[in-house]
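# Architecture at a glance
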Amino acid sequence: MTSARKDRKSYGVKGAPYAFLLPAAILFALFFALPIGYAVWLSLHKVQVKGLGLGSGARSEVWAGLENYTDALTDSELLDGALRVLGYGAIVVPVMLGLALVFALMLDSERVRLAPFTRLAIFLPYAIPGVVAAMLWGFLYLPDVSPFYFVLDKLGMPQPDLLDGGPLYIALSNIAVWGGTGFNMIVIYTSLQAIPAEVHEAAKLDGATPLQTALRIKIPMVAPSLVLTFFFSIIATLQVFSEPTTLKPLTNSISTTWSPLMKVYQDAFRKGDIYSAAAGAVLIAIATLVLSFGFLRAANSRTRQEQAR
């Protein structure tokens with residue numbers, strides 16, 4: 001009798017971690033694994049039309065293999081959108097992470113004043129939805145209604161059209177930087193706060209200036225946070241959608257396929273071709289995985305080399 005109770009008690013203790021993980025596993029399967037699996041399944045099929053495509057049975061779903069992927073990889077609109085996003089990311093990622101690092105280092109300084117208010121002010125734009133932020137900046141970009149253009153006109157200064165040509169990348173990047181800097185700053189600032197006080201005291205005793213402390217001690221010690229924020233920034237850049245979609249009605253420079261995700265949206269909900277859209281979405285996911293994994297592997301390799309020294 002006693003041994004049976006012990007067995008039940010032992011089984012209950014061993015099974016407790018799995019019981020705690022079960023809700024998360026169910027949510028992961030329903031809202032992450034299952035949609036991905038369904039998208040992959042759709043990408044391997046297509047619709048076959050018989051005759052005029054009228055009547056029941058005229059349209060049927062058939063196996064397509066890699067045909068949708070071949071079409072997507074040779075689609076000039078998708079490839080052009082990928083190039084545009086790479087140019088967009090080349091502006092967004094370094095500027096956003098650079099500002100986040102500078103702000104975090106400034107807030108970590110002993111001389112800073114009103115640090116809680118400053119942290120909140122920098123982080124607040126991140127709490128604003130992307131569509132709302134794009135509409136706000138779109139209003140400021142329009143020459144006819146923007147107060148900035150009014151001031152430039154009164155001062156007799158040139159009024160560049162930020163929604164046309166090359167400046168469009170700066171306009172879109174500004175929205176992303178404005179909204180994402182606060183989140184990355186909080187991540188880096190949290191890592192800075194975790195640095196032991198003894199490290200700062202040792203730097204002071206060695207006569208290090210605040211700039212030397214930041215460059216030689218703080219930044220190397222928060223390198224894992226920089227890697228993490230860079231990883232998140234790459235994912236967000238490759239999945240840019242709301243900003244160009246919201247600004248599209250304001251300018252002719254943004255096409256309906258400006259970014260890869262906009263192309264996927266067009267295929268799925270405008271053309272009604274969910275199979276090609278699924279293939280495009282899977283390719284975007286693979287590209288994101290490859291770039292992220294490659295960067296993480298390079299960062300880990302560099303960390304190991306530094307530790308070996």
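Predicted model, so just to flag it, every value in this text is computed and none were measured.

Bringing the packing of helix α5 (residues 130–141) against helix α7 (residues 167–193) into the picture now. Each pair of packed helices gets described by two things: the angle between the helix axes and the distance between those axes. Between α5 and α7, whose axes approach to 10 Å, the crossing angle comes to 135°. Classified by the interaxial angle, the pair formed by α5 and α7 is oblique. The crossing of α5 and α7 is right-handed. Seen from α5, the contacting residues are Ala133, Ala134, Leu136, Trp137 and Tyr141; seen from α7, they are Ala171, Asn174, Ile175 and Trp178. Its residues placed into classes, the contact of α5 with α7 shows eight nonpolar, one polar and no charged.

All right, on to the UniProt feature "domain: ABC transmembrane type-1" (unreviewed entry) in the protein then. When the UniProt feature table is mapped onto this chain, "domain: ABC transmembrane type-1" (unreviewed entry) is found at residues 82–295. What you have in residues 82–295 is 76% helix and 0% strand, and the ends, taken at the C-alpha atoms, are 18 Å apart.

Let us look at the UniProt feature "transmembrane region" (unreviewed entry) in the protein. Cross-referencing UniProt, the feature "transmembrane region" (unreviewed entry) maps to residues 20–41, 85–108, 120–142, 168–189, 221–241 and 274–296 in the present numbering. With 96% helix and 0% strand, the stretch residues 85–108 has end C-alpha atoms that lie 33 Å from each other. As a span, residues 221–241 carries 81% helix and 0% strand, and end to end its C-alpha atoms are 34 Å apart.

Right, let's get into the packing of aromatic side chains. Here the structure, examined in full by the defined rule, presents twelve aromatic pairs. Look at Phe183 and Phe232: their rings are 6.3 Å apart centre to centre, the planes differ by 50°, and that puts the pair in the tilted class. Note that Phe183 is positioned in helix α7 and Phe232 in helix α10 (residues 223–238), a separation of 49 residues in sequence. One aromatic cluster is present, formed by Phe123, Tyr126, Phe183, Phe231 and Phe232 through successive ring pairs.

Okay, the pattern of salt bridges next. Within the structure shown, the criterion is met by five salt bridges. Residue Glu67 is joined to Lys46 by a salt bridge in which the shortest nitrogen-to-oxygen separation is 3.0 Å. Remark: Lys46 occurs in strand β1 (residues 45–49) and Glu67 occurs in helix α2 (residues 67–73); sequence separation between them is 21 residues. According to the relative accessible area criterion, Glu67 is partly exposed, its value standing at 34%. You can call Lys46 partly exposed: its relative accessible area is 27%. Its salt-bridge partner being Asp75, residue Lys263 comes within 2.9 Å of it at the nearest N-O pair. In this pair, Lys263 sits in helix α12 (residues 260–270) while Asp75 sits in the loop between α2 and α3 (76–107), placing the two residues 188 residues apart along the sequence. Taken together, the shared-partner salt bridges connect Asp75, Lys263, Asp267 and Lys271 into one network.

On to the confidence of the model for the protein. The predicted model of the protein averages 86 in pLDDT, with 91% of residues at 70 or higher. Of all secondary-structure elements in the protein, the lowest mean pLDDT belongs to helix α1 (residues 2–43), at 79, while α3 reaches the highest, 94.

A few words on the nonpolar core. In a soluble, globular protein the nonpolar side chains are often hidden away together inside. Core analysis: the largest hydrophobic core is formed by 23 residues, its most contacted members being Tyr88, Ile175 and Trp258. Secondary structure elements with two or more residues in this core: α3, α5, α7 and α10. Among the elements that make up this core, the one with the highest residue count is α7 (six residues).

Here the focus is the environment of Ala203. Tracing the backbone shows Ala203 in helix α8 (residues 197–205). Since its relative accessible area comes to 4%, Ala203 is described here as buried. Taking the C-alpha atoms as reference, Ala203 lies 54 Å from Ala39; in sequence the two are 164 residues apart. Setting aside its immediate chain neighbours within four residues, Ala203 contacts Ala208, Thr213 and Ile217.

Criteria and cut-off values
Residues numbered from 1 in each chain as written. Predicted model: local features only at pLDDT ≥ 70, side-chain atom pairs only at ≥ 80, totals over all residues. Heavy atoms only, no water. Axes fitted to C-alpha atoms, helices over the stretch in contact; angles between N-to-C directions. Helix = DSSP H or I, 4+ residues; strand = E, 2+ residues; numbered from the N terminus. Parallel < 35°, antiparallel > 145°, perpendicular 65-115°, else oblique. Left-handed = near helix turned anticlockwise from the far one by under 90°. Contact = heavy atoms within 4.5 Å. Nonpolar A, V, L, I, M, F, W, Y, C, P; charged D, E, K, R; others polar. UniProt positions renumbered as here; feature names shortened; annotations may be inferred. Phe/Tyr/Trp six-rings, centres within 6.5 Å; stacked < 30°, edge-to-face > 60°. Salt bridge = Lys/Arg side-chain N within 4 Å of Asp/Glu carboxyl O. Buried < 20%, exposed > 50% of the residue type's maximum accessible area, 1.4 Å probe, protein only. pLDDT = per-residue confidence, 0-100. Core = buried A, V, L, I, M, F, W, Y, C linked by side-chain atoms within 4.5 Å.

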